[in-house]
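# Examining the three-dimensional arrangement
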Amino acid sequence: MTVPPASTPAPAPSDSDAALVERANAGDQRAYELLVIKYQRRIERLIGRMVRDTDLIQDIAQETFLRAWRALHQFRGEAQFYTWLYRIAVNTAKKALMEKKRDPLVTEAALLGRDDDDETSRPETELTTEATPESELAAREIAAAVHAAMEALPDDLREAVTLREIEGMSYEEIAEAMDCPIGTVRSRIFRAREAISAKVKPLLSHQTGKRW
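Read on for an overview of the structure. (Residues numbered from 1 in each chain as written. Predicted model: local features only at pLDDT ≥ 70, side-chain atom pairs only at ≥ 80, totals over all residues. Heavy atoms only, no water.)

This part takes up the overall build of the chain. Broken down by element type, the chain carries 9 helices and 0 strands. Reading the secondary structure of the chain in the N-to-C direction produces α-α-α-α-α-α-α-α-α. Taken across its 212 residues, the chain has 45% of its residues classed as buried. Put simply, 68% of the contacts in the chain that link residues at least 6 apart link residues at least 24 apart. A total accessible area of about 11500 Å² is found for the chain, and carbon and sulfur atoms account for 50% of it. (Helix = DSSP H or I, 4+ residues; strand = E, 2+ residues; numbered from the N terminus. Buried < 20%, exposed > 50% of the residue type's maximum accessible area, 1.4 Å probe, protein only. Contact = heavy atoms within 4.5 Å. Areas by Shrake-Rupley, 256 points an atom, 1.4 Å probe, with all protein chains shown as cover.)

Before going further, it helps to examine unusual backbone geometry. One non-glycine residue, Asp 179, adopts positive backbone phi at about 55°. The topology assignment puts Asp 179 in the loop between α8 (171-178) and α9 (182-204).

Any two side chains of opposite charge can pair, so long as their charged atoms come close to each other. All told, the structure shown has 8 salt bridges when counted by the stated rule. The residue Arg 70 makes a salt bridge to Glu 63 at a minimum N-O spacing of 3.6 Å. Residue Arg 158 pairs with Asp 155 through a salt bridge whose shortest N-O separation is 2.6 Å. Of the two residues, Arg 158 and Asp 155 both sit in helix α7 (residues 155-165), 3 residues apart, roughly one turn of that helix. The exposure class of Asp 155 is exposed, given its relative accessible area of 55%. Several salt bridges share partner residues, and in doing so they unite Glu 63, Arg 67 and Arg 70 into one network. (Salt bridge = Lys/Arg side-chain N within 4 Å of Asp/Glu carboxyl O.)

In this model, helix α2 (residues 29-48) (20 residues) spans 27 Å end to end at C-alpha, consistent with the 28 Å of a helix rising 1.5 Å per residue. The largest bend in α2 comes to about 50°, at Tyr 39. By the criterion of burial, α2 is predominantly enclosed, with 16 of the 20 residues buried. Measuring from the backbone nitrogen of Arg 30 back to the side-chain oxygen at the start of α2 gives 3.1 Å, which picks out Asp 28 as the cap. (Expected span 1.5 Å × (residues − 1). Bend = angle between axes of the 7 residues up to and from the residue. Polar contact = N/O pair within 3.5 Å; in protein donor to acceptor, adjacent residues only side chain to side chain.)

Let's shift gears to the packing of α2 against helix α4 (residues 81-99). Following both chains from N to C, one finds α2 and α4 inclined at 45°, their axes separated by 11 Å at the closest point. One element, α2, and the other, α4, form an angle in the oblique class. The hand of the α2/α4 crossing is right-handed. Note on element contacts: α4 touches α2 through Phe 81, Tyr 82, Leu 85, Tyr 86, Ala 89 and Val 90, opposite Leu 35, Tyr 39, Arg 42, Ile 43 and Leu 46. Here the residues of the contact of α2 with α4 sort into 10 nonpolar, no polar and 1 charged. (Axes fitted to C-alpha atoms, helices over the stretch in contact; angles between N-to-C directions. Parallel < 35°, antiparallel > 145°, perpendicular 65-115°, else oblique. Left-handed = near helix turned anticlockwise from the far one by under 90°. Nonpolar A, V, L, I, M, F, W, Y, C, P; charged D, E, K, R; others polar.)

Quick look at the structure:
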């Protein structure tokens, strides 16, 4: 199975994930290619938040979609297709990092430098300071503080808050992705926010549009 390039036109909105999965399981490879087209950039962004080596991102994404293709018959529709695909991507990235003896990291660029066309971006939550040298320096300091705070979080808290704040997933989707009760998800996100807030609040005291 060949993963199509990201420049291929996106599938029509009428092509629902469930219908595409059904067609793909019936032997329609084009249907799976449409799923790849739909989620390729989002999966690559997700992987980019876990690894520092940009050269690995496309390889891990390719492996993710190949693994998903081989396991597609196991998808029962009990979760959203992206949630199922997300799990495969995370496991694939972790495996690649373990093989290279690297630790998964969320980069500051992922936290404060979202793509404009990312459907999960929420610009209203970003800092709204004027673009001056002072504000840019402050933004870099905040990014570094957030990055350090994120790195210091336990894995389960970091994953939960990343899914909520960066991926824009609902609590229900996160519970599915992390295979835990929704109450646990809420607790993890609350604790993660509290830990990050303690590190970042001092830097935000003179900023508008506070994030945490």
